[in-house]
Amino acid sequence: LLNEGYMYMTALSYHIEPLNADVEEYFTANEDSYAAAGISKDGYLVNLRHILVIPDDATVAEDGTVTASDADWSDCKTEANKLLNKWRNNKTEDYFGELAYTYSDDTGSNINGGLYSNLAKGQLTADLDAWCFDEDRKVGDTAIIRTGAGYHVVYFCEPTEIWFEQAEDDLIAETLANTI
C-alpha cells in the first residue's frame, strides 16, 4: 500500500503546475528559510548540450583525462569544427541534440542529446564553467572548448534561477501534502 501511495503521489505531482506568480509569492513568504539555506534570487543554474569529441587512438585515464598525440588532437579539433558547421545548417536545439546523440563520445549524455541540466557554477571544468557562466551568454550560443577530456562542441540552452526551481519544487510538495 505504501508503494501504491507513493506512485499515486508521484503521478499526481506531474499534474501540478503552479503559476510563476504563485511560485514568486511562495518564495517571498518563505524568504528567511531560503536565505538560511543560502538560496537567494542572485544565483542561477545552466542547461547545456554538448558533443564530446575524443581523439582517435587516445588513452583515457580513470579520471577521464585524455592523452593523445598532437596530430590526433588536431584531427579531433577538425572533427569538432565539422560538427559545429553541420549544426549551422539547421540552427536548432533539437538538431544539436540529434548530432550529440549520433556523434558524441560522452556515453553518459549522448542518449539524451548531450543535455546536462541545472548545472551550478563550479560543477564543470574551469573553461566550460567560464563559458557557461559568462554574464553575456545567450540562449543558442555555441563554442568549441578543449578540456582534458577532449573537445566539447557546446550549445547554451538556458539559465534557470535557483530560487525559482527550489520554490516551485517546495510549492508542489506542499500542495501534495495538503491533498492528503
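Here the structure is shown first, and the text comes after it.
1. Observations concerning the overall build of the protein
- Within the protein, the regular secondary structure consists of seven helices and six strands.
- Going residue by residue from the N terminus, the α and β elements of the protein occur as α-α-α-β-β-β-α-α-β-α-β-β-α.
- For 180 residues, the compact-globule formula gives about 16 Å, and the C-alpha radius of gyration of the protein, at 20 Å, lies well above that figure.
- Dimensions of the protein, computed from the C-alpha atoms along their principal axes, are close to 60 × 40 × 35 Å.
- The 180 residues of the protein split such that 35% are buried.
- Sequence-distant contacts in the protein: of pairs separated by 6 or more residues, those separated by 24 or more amount to 65%.

2. Side note on the packing of helix α2 (residues 20-29) against helix α7 (residues 162-179)
- Two elements in contact, α2 and α7, have axes whose closest approach is 9 Å; the angle formed by their N-to-C orientations is 95°. Between α2 and α7, the crossing angle belongs to the class labelled roughly perpendicular. Mapping the contact onto sequence places N20, D22, V23, E24, Y26 and F27 in α2 and W163, F164, A167, E168, D170, L171 and E174 in α7.
- Here the contact of α2 with α7 is built from residues that sort into seven nonpolar, one polar and five charged.

3. Considerations on the pairing of strand β1 (residues 44-53)
- Burial of β1 is extensive: nine of the 10 residues sit out of reach of the surface.
- As judged from the 10 bridges shared by β1 and strand β6 (residues 150-161), these two strands associate in the antiparallel manner. Each bridged residue has a counterpart across the sheet, and for H50 the counterpart in β6 is V154.
- Note: β1 against strand β4 (residues 115-119), three bridges, orientation antiparallel. Bridge pairing in β4 links L48 to Y116.

4. Structural notes on the pattern of salt bridges
- What the rule picks out here adds up to four salt bridges.
- Across the salt bridge formed by E93 and R49, the nearest N and O atoms sit 3.0 Å from each other. Residue E93 is found in helix α5 (residues 93-103), and its partner R49 is found in strand β1; the two are separated by 44 residues along the sequence.
- For E93, a relative accessible area of 27% gives the class partly exposed.
- On the basis of relative accessibility, which here comes to 12%, the residue R49 falls in the buried class.
- In this structure, R137 engages D134 in a salt bridge whose closest nitrogen and oxygen atoms are separated by 3.8 Å.

5. So, the packing of aromatic side chains
- Counted under the stated rule, the structure contains nine aromatic pairs.
- With a centroid separation of 6.3 Å and an interplanar angle of 80°, the aromatic rings of W87 and F96 are classed as edge-to-face. In this structure, W87 and F96 share a single accessibility class: buried.
- An aromatic cluster of three or more residues is present, and its members are F27, Y34, W163 and F164.

6. With respect to the side chain of H50
- Residue placement: H50 occurs in strand β1.
- Take H50: its relative accessible area is 6%, and that puts it in the buried class.
- In this structure the side chain of H50 is engaged in a polar contact, spanning 2.8 Å, whose partner is the side chain of D106.
- When neighbours within four sequence positions are excluded, H50 is seen to be in contact with F96, A100, S104, D106, S109, G114, Y116, H152, V153 and V154.

Reading the values: the criteria
For every chain, the first residue of its written sequence is number 1, and the numbers climb from 1 along that sequence. Owing to the predicted nature of the model, reporting of local features is limited to residues with pLDDT of at least 70; listing and counting of side-chain atom pairs is limited to 80 or more, with chain, interface and lining totals taken over all residues. The side-chain quantities take in all heavy atoms of the structure and omit both hydrogens and water. Numbering of helices and strands runs from the N terminus; a helix is a DSSP stretch of H or I covering at least four residues, while a strand is a stretch of E covering at least two. When we talk radius of gyration, it's over C-alpha atoms, and the globule rule is simply 2.2 Å times the number of residues to the 0.38. The buried label goes to any residue with under 20% of its type's maximum accessible area, the exposed label to any with over 50%, and the partly exposed label to all in between, with areas taken from a 1.4 Å probe on protein chains only. The criterion used for residue contact is that any of the two residues' heavy atoms lie within 4.5 Å. Fitted lines through C-alpha atoms give the axes, limited to the stretch in contact for helices. The angle between two N-to-C directions lies from 0 to 180 degrees. Note on angle classes: values under 35 degrees are labelled roughly parallel, values over 145 roughly antiparallel, values of 65 to 115 roughly perpendicular, and the remainder oblique. Amino acids are sorted into nonpolar (Ala, Val, Leu, Ile, Met, Phe, Trp, Tyr, Cys and Pro), charged (Asp, Glu, Lys and Arg) and polar (every other residue, Gly among them). Between any two strands, at least two bridges found by DSSP are needed for them to pair. Each salt bridge in this description consists of a side-chain nitrogen of Lys or Arg and a carboxyl oxygen of Asp or Glu lying within 4 Å of one another. Any two of the Phe, Tyr and Trp rings considered here, Trp counted by its six-membered ring, make a pair once their centres fall within 6.5 Å; the pair's planes then place it as stacked at under 30 degrees, edge-to-face at over 60, or tilted in between. In protein, a polar contact requires one atom able to donate a hydrogen and another able to accept it; more generally it is a pair of N or O atoms within 3.5 Å, and residues adjacent in sequence count only if both atoms are side-chain atoms.

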